[in-house]
Amino acid sequence: FHNNVGYNCLGQDGYSTGFYIHAASTDAQFKNNILYANNAARPQVTDLGSTNTIYAKNLSEQSGLGIAIVDNPDFVDPTNFDFHLQSVSPARNTGDNLSPDVTDDFDGNARPLGSAYDIGAFEFVEWPMAVSAQQGTFTILASMAVNDTIDLVLGFTPKFILLFYTLTELQY
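Residues numbered from 1 in each chain as written. Predicted model: local features only at pLDDT ≥ 70, side-chain atom pairs only at ≥ 80, totals over all residues. Heavy atoms only, no water.

A. Looking closely at the pattern of salt bridges. Counting across every chain of the model gives 3 salt bridges. Here Asp96 and Lys31 are joined by a salt bridge, their closest N and O atoms 4.0 Å apart. With Asp96 in the loop between β10 (82-85) and β11 (150-156) and Lys31 in strand β3 (residues 29-31), the pair connects residues that are 65 residues apart, well separated along the chain. Given the relative accessible area of 21%, Asp96 is considered partly exposed. Each of Lys31, Lys57 and Asp96 takes part in one network of salt bridges that share partners. (Salt bridge = Lys/Arg side-chain N within 4 Å of Asp/Glu carboxyl O. Helix = DSSP H or I, 4+ residues; strand = E, 2+ residues; numbered from the N terminus. Buried < 20%, exposed > 50% of the residue type's maximum accessible area, 1.4 Å probe, protein only.)

Encoded structure:
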């Protein structure tokens, strides 16, 4: 069980919980998963008696079985089910190397894109952006994630033309 997101999960009893590892499971691997916005009064991971389960590099906003990193995952917009990582996410470059079993993310991006695997379903993608103009070229490079916002303010002299532009969505 690798690189998944458990968000606002409901257990059989109707209470929000994380993941269950079945008692019949043997040699299961539970790695690089994010559990978020589940009921704080309930365990994020419940092992019902499995044998030799390996837990590694799982992230949740609360501690518990199999949780290595206790922090907010800093998703882009979890209430609208956008589980891409923001640039400040503690899930970036902190996952276990799962090669050769896991080679890409849910969007089809190669894993890893940074110095290590990202935790969760999506690798963080930095977007280089270049802007050029005729009669004198300049380049602006910006690192952006999907749905990040950047404001560009460009000024030209001697005619003083000022351009304000906000990028809020990038297509890739």
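That shown, we press on.
B. Looking closely at the sheet that holds strand β4 (residues 34-36). On the basis of which strands lie adjacent, the open sheet formed by 4 strands has the order β1-β4-β7-β8 and parallel pairing. At either end of the open sheet lies a strand with only one pairing partner, and these are β1 (5-7) and β8 (67-70). Going across the sheet, the axis of each strand differs from the next one's by a mean of 20°, ignoring polarity. (Pairing = 2+ DSSP bridges. Axes fitted to C-alpha atoms, helices over the stretch in contact; angles between N-to-C directions.)

C. Main features of the nonpolar core. Grouped together as the largest cluster of nonpolar side chains are 11 residues: Ile34, Tyr36, Leu59, Phe75, Phe83, Leu85, Ala91, Ile119, Ala121, Phe122 and Phe124. Those residues within four positions of Leu59 in sequence are excluded, and the remaining contacts are Asn33, Ile34, Leu35, Ile67, Ile69, Asp71, Asn72, Pro73, Pro90, Ala91 and Ile119. The next biggest cluster of nonpolar side chains, apart from the first, holds 6 residues, and it includes Phe19, Ile21, Phe30 and Ile67. (Core = buried A, V, L, I, M, F, W, Y, C linked by side-chain atoms within 4.5 Å. Contact = heavy atoms within 4.5 Å.)

D. Just the environment of Leu65, in detail. On the secondary structure map, Leu65 appears in the loop between β7 (58-60) and β8. Leu65 sits 22 residues away from Pro43 along the chain, and the two C-alpha atoms are 7.7 Å apart. Every residue in contact with Leu65, bar those within four places of it in the chain, is listed here: Val45, Asp47 and Tyr55.

E. Geometry of the packing of aromatic side chains. Under the definition given, this model contains 11 aromatic pairs. Pairing Tyr7 with Phe83 gives two aromatic rings, centres 5.2 Å apart and planes at 55°, and the pair type is tilted. Placement of Tyr7 in strand β1 and of Phe83 in strand β10 is noted, with a sequence separation of 76 residues between them. Note on Phe83: relative accessible area 14%, which makes it buried. What links up through ring pairs into an aromatic cluster is the set Tyr7, Tyr36, Phe75, Phe81 and Phe83. (Phe/Tyr/Trp six-rings, centres within 6.5 Å; stacked < 30°, edge-to-face > 60°.)

F. Fine view of the side chain of Asn3. Among the structural elements, Asn3 can be located in the segment before β1. Sequence-distant contacts of Asn3, defined by excluding residues within four places in its chain, comprise Lys31, Asn32, Asn33, Leu98, Val102, Arg111, Asp118, Ile119, Gly120 and Ala121.

G. Representation of the pairing of β10 within the structure. In β10, alternate side chains face the same way, and those of Asp82 and His84 on one face and Phe83 and Leu85 on the other are all buried. Relative to β10, strand β9 (residues 75-77) runs antiparallel, the two sharing 2 bridges. Counterpart to Asp77 in the pairing with β10 is Asp82.

H. Focus on unusual backbone geometry. Residue Pro100 is reached from Ser99 by a cis peptide bond, and omega for that bond is 5°. The residue Pro100 is located in the loop between β10 and β11 in this model. For the bond running from Arg111 to Pro112, omega is -10°, close enough to zero to count as cis. Residue position: Pro112 is located in the loop between β10 and β11. For Asn3, which is not glycine, the phi dihedral falls at a positive 50°. With a phi close to 55°, Asp74 is a non-glycine residue in the positive phi region. Relative to the helices and strands, Asp74 is located in the loop between β8 and β9.

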